[in-house]
Amino acid sequence: MSNNRRRRPPHQSHHQIVMENHITTRHRKKFWFAFFVLFFFWYMMLYGYDWSSIPGLSSVTHNQSDDDKNQEDSLQSMESNPIPEPRVVENNREIPIQSSDSNSVPESDNAKNQLENTATPKSDNDTVPLPQDKNVTVVSDESNNYDPIVEDLPGLEKEMEPSLPKEEQKQEQEQEQEQEDKAVTERTTQKPCTGRYVYVHELPSRFNHEYIKECKLLNKWHDMCQYFVNSGLGESLGNPQRLFLPSGWYITHQFSLEVIFHNRMKQYECLTNDSSKAAAIFVPYYSGLDVSRYLWDSDKASVKDSDSIELLKWLREKPEWKFMNGRDHFLVSGRITWDFRRAVDNYTEWGNKLMVLPESQNMTMLTIESSPWDKNDFAIPYPTYFHPRTDEQVLEWQNKMRRQKRRSLFCFAGAPRPNMEDSIRSEIMSQCSAVPKKCRLIECKNDKHNCLKPANVMRMFQNSVFCLQPPGDSFTRRSTFDSILAGCIPVFFSPGSAYVQYLWHLPKDHGSYSVLIPEGDVKRKGVSIDSVLSRIPRSRVSAMRERVIKLIPNVVYADPRSRLKRLDDAFDLTVRGVVRRVEALRKEMKEGRNYSGAFDSESSWKYYTFGTTAEHEWDHYFKRYR
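Visitor: What am I meant to see in the overall build of the protein here?
Guide: Tallying secondary structure elements over the protein gives 22 helices and twelve strands in all. Taking the intrachain contacts of the protein between residues at least 6 apart in sequence as the baseline, contacts between residues at least 24 apart amount to 77%. As displayed, the protein has an accessible area near 30400 Å², and 51% of this comes from carbon and sulfur atoms.

The structure is reproduced here in structure tokens:
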């Protein structure tokens, strides 16, 4: 018998040995049960909880531990899959962008500072820049079958990681922090309201609040009352599927801007009751709600001009009007300019004639889409679903969009326009459907209301690198600002959709944040959107996307019940633009110059955008009757 065989001690019975083994087995089972429970909770805490929701922790957890690895992986991916050099086609003649004179609409300081402080990542592959100050179209090489986006999906997901060296990233962050600190210091040390006072007319309630009281009459098909709660923001959206943030998101209607702006104005830091001190005078007339009652109701067409005519009569009789004959007055409308430009007295034609009345020609009219051919209306952003209460909410959302994985190259949400001969939407939808692995599509059908659900649209935008923004019934779309909010690079097919519209809110260097593919190239030349977008160098895409994310404060309207401290939102930039415009008009009046005769109204889009009315390569986009 082997000496290694265990012998039972003489004093230990068989029953005792069995009990001892049983106890040992029980302890072992308890140990493994406790181990698996602890492992489960550790795993859930590490991967199941969104640590980025804790302020100040998101950038640390994402950047510090993974910077070197992601940068190395990105470089290895580029080396193993070199991106072919794209070809650039330019017009035979280059027209430089000239700086505006004192009469043109100035670009906001905020936009300038952000543009100056945004470094453009460079790499060996980034050999050709995207169009910036002139119309440059990137053309795909159909003979080249290489597709860098689809063949390297992990590389596509990494495009959101900046490719700048660490030193340049550090310098950029220091510059941005310095600019923010400077802005805060200026607000707290100097006289903040000098030259910024705004006087608000106390209008009879029939011109604003009574429209909201009769909200059920504003739309024949939908109950609009739900959109005017929470100071015009609409009902709280919540955070379905963790797409958004825990607060700050609302079901905001695209035509509710005048209500939001008025409530935001009530929180403006430089209001005055003395109109003689005012740099500008605000008229809180809800013109969009007024005209919406009659747009589709021919039985009431004869009265759709009545309130606008009565309002202008009321203004003419006020002493504030006489000082500059209304040139220091401004008004915000929540609808596009074409709803107020009925040029004939036939009431059955579309819209009213608010903006063609003589008094309106002196005022600054702010709309969500302006006319390229008129001097006195200017576009400001559509309202989005995001209305932050604090600067921290904005920064948290920006960081969330920086981390967002983008699994589709491009996407489109919209409906075709079969009755519009020049519309390219059908071609866009056809091209998108042809590459389902690279393009996502939400077709807006009345029977499904897919596009009316914010979660559907925002989820698709957040998961796409590029968002297509073709014209619809008019030049512009709310979708443009939803895509910027989602960190999705907008792709335009006409400069009228943004470049000549939102001069106070978007950079003049349109190539830094967007792509322009001429609509004629898509409709008549068969240019492939997929090919154009696929051949943009990844480093350039990353830089553009970062620029888009930095634009988010410019295009959101903060919650009217609060006030941002460090950041300027769309409201702040709008008021600044109006004040500067009125200041220029006041100076011209003192000098006896005629502002109206400086340029022909048909060339307004050129004068305000480029400071000149000379022939331009975009002229064909703005022929009066296309």
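Visitor: Looking at this model, I keep getting lost on the sheet that holds strand S4 (residues 280–283). Mind explaining?
Guide: Across a sheet, paired strands are connected by hydrogen bonds in the backbone, their directions being either parallel or antiparallel. Pairing is parallel in the open sheet, where five strands are placed in the order S3-S4-S5-S6-S7. Two strands close off the open sheet at either side, each with one partner strand: strand S3 (198–200) and strand S7 (377–379). Within the sheet, the average angular offset between the axes of one strand and its neighbour, ignoring direction, is 30°. The strands touched by helix H21 (residues 570–591) are S3, S4, strand S5 (329–332), strand S6 (364–367) and S7; relative to S6, the strand with the most contacts, the crossing angle is about 160°.

Visitor: Explain empty space enclosed by the protein here, please?
Guide: Unfilled space is identified by rolling a water-sized probe across the atoms. Applying the stated criterion across every chain yields a total of four cavities of 30 Å³ or more. The volume enclosed by the largest cavity comes to roughly 130 Å³. Along its surface, the largest cavity is lined by 13 residues, and Tyr499, Leu503, Pro507, Lys508 and Thr609 are the ones closest to its centre. Partitioned by chemical class, the residues of the lining of the largest cavity number ten nonpolar, two polar and one charged. Taken as a whole, the second largest cavity encloses approximately 90 Å³ of empty space. Residue lining of the second largest cavity: Ser370, Ser371, Pro372, Asp374, Asp377, Phe378, Val500, Gln501, Leu503, Ser604, Trp605 and Tyr608, and that is the complete set. Only S7 and helix H22 (604–610) provide two or more residues apiece to the lining of the second largest cavity.

Visitor: Looking at this structure, I do not really get the nonpolar core. What am I missing?
Guide: Most often, soluble globular proteins have nonpolar side chains that are buried together. By size, the foremost hydrophobic cluster in this structure holds 102 residues, and its most contacted members are Trp249, Phe261, Phe466 and Leu533. Here this core gets six residues from one element, more than from any other, and that element is H21.

Visitor: Hey, could you run me through the state of the cysteines in this one?
Guide: Disulfides are covalent bonds that link the sulfur atoms of two cysteine residues. What the rule picks out here adds up to five disulfides. Disulfide pairing places cysteine 215 opposite cysteine 225 at an S-S distance of 1.9 Å. Measuring handedness by torsion sign, the sulfur bridge of cysteine 215 and cysteine 225 sits at about 95° and is right-handed. Of this pair, cysteine 215 sits in the loop between helix H8 (209–213) and helix H9 (257–265) while cysteine 225 sits in the loop between H8 and H9, placing them ten residues apart in sequence. Disulfide pairing is shown between cysteine 432 and cysteine 439; the S-S distance is 1.9 Å. Handedness here is read from the sign of the S-S torsion; for cysteine 432 and cysteine 439, about -100°, the answer is left-handed. Cysteine 439 matches cysteine 432 in its accessibility class, with the two residues each being buried. Described in terms of the sequence order of its bonded cysteines, the disulfide pattern of the protein is 1-4, 2-3, 5-6, 7-8, 9-10. Unpaired in terms of disulfides, cysteine 411 finds its nearest cysteine sulfur in cysteine 467, a separation of 3.6 Å.

Visitor: Looking at this structure, I do not really get the side chain of lysine 375. What am I missing?
Guide: Structurally, lysine 375 is set in the loop between S6 and S7. One buried charged residue, lysine 375, forms no salt bridge at all, with the nearest opposite charge on aspartate 600 at 6.4 Å. In this structure the side chain of lysine 375 is engaged in a polar contact, spanning 2.7 Å, whose partner is the backbone oxygen of phenylalanine 599.

Visitor: For this particular structure, what's the right way to read the pattern of salt bridges?
Guide: Opposite charge on two side chains permits pairing when their charged atoms draw close. Using the criterion set out here, one finds 24 salt bridges in the structure. Between glutamate 359 and arginine 316 there is a salt bridge whose closest N-O contact spans 2.5 Å. With glutamate 359 in the loop between S5 and S6 and arginine 316 in helix H11 (residues 306–316), this residue pair connects regions lying 43 residues apart in the sequence. By relative accessible area, glutamate 359 is classed as buried at 15%.

Visitor: Looking at this structure, I do not really get the environment of serine 603. What am I missing?
Guide: Structurally, serine 603 can be placed in the loop between H21 and H22. We classify serine 603 as buried; its relative accessible area is 15%. As for serine 603 and glutamate 615, which are separated by twelve residues in sequence, their C-alpha atoms are 9.7 Å apart.

Visitor: For this particular structure, what's the right way to read the packing of H9 against H21?
Guide: The N-to-C vectors of H9 and H21 enclose an angle of 80°; their axes lie 11 Å apart at closest approach. Put simply, H9 runs roughly perpendicular to H21. Across the interface between the two elements, Phe261, Arg264 and Met265 from H9 touch Phe571, Asp572, Thr574 and Val575 from H21. Grouping the constituent residues of the contact of H9 with H21 by class yields four nonpolar, one polar and two charged.

Visitor: I would appreciate a short explanation of the pairing of S4 in the present structure.
Guide: Every regular strand shows the same layout, with side chains that alternate between the two sheet faces. Of the two faces of S4, the one holding Ala280 and Phe282 and the one holding Ile281 and Val283 are both buried throughout. With three bridges joining them, S3 and S4 adopt parallel strand pairing. Paired with valine 200 across the two strands is phenylalanine 282, which belongs to S4.

Visitor: Is there a simple way to think about H9 in this case?
Guide: Most of H9 is tucked away: nine of the nine residues are buried. Within H9 the residues assigned to the buried category are Leu257, Glu258, Val259, Ile260, Phe261, His262, Asn263, Arg264 and Met265. Taken together, the buried residues of H9 touch S3, H8, S4, helix H10 (287–292), S5 and H21.

Visitor: Before we go on, may I ask you to explain a nonpolar patch on the surface in this structure?
Guide: Taken together, Phe31, Trp32, Phe35, Phe36, Phe39 and Trp42 make up a surface patch of nonpolar side chains, about 700 Å² in accessible area. On the accessibility criterion, phenylalanine 31 (52% relative accessible area) is exposed.

Cut-offs applied
- Residues numbered from 1 in each chain as written.
- Predicted model: local features only at pLDDT ≥ 70, side-chain atom pairs only at ≥ 80, totals over all residues.
- Heavy atoms only, no water.
- Helix = DSSP H or I, 4+ residues; strand = E, 2+ residues; numbered from the N terminus.
- Contact = heavy atoms within 4.5 Å.
- Areas by Shrake-Rupley, 256 points an atom, 1.4 Å probe, with all protein chains shown as cover.
- Pairing = 2+ DSSP bridges.
- Axes fitted to C-alpha atoms, helices over the stretch in contact; angles between N-to-C directions.
- 1 Å grid on protein atoms, 1.4 Å probe; cavity = no way out; pocket = protein on both sides within 12 Å on 5 of 7 lines; lining within 4 Å.
- Points joined across faces, edges and corners; volume = space filled by probe spheres on them.
- Nonpolar A, V, L, I, M, F, W, Y, C, P; charged D, E, K, R; others polar.
- Core = buried A, V, L, I, M, F, W, Y, C linked by side-chain atoms within 4.5 Å.
- Buried < 20%, exposed > 50% of the residue type's maximum accessible area, 1.4 Å probe, protein only.
- Disulfide = S-S within 2.5 Å.
- Lys, Arg positive; Asp, Glu negative; His and termini not counted.
- Salt bridge = Lys/Arg side-chain N within 4 Å of Asp/Glu carboxyl O.
- Polar contact = N/O pair within 3.5 Å; in protein donor to acceptor, adjacent residues only side chain to side chain.
- Parallel < 35°, antiparallel > 145°, perpendicular 65-115°, else oblique.
- Patch = residues over 30% accessible without salt bridge, like charges linked within 9 Å, V, L, I, M, F, W, Y side chains within 5 Å.

Bear in mind that shape data such as this cannot, by itself, settle questions of function.
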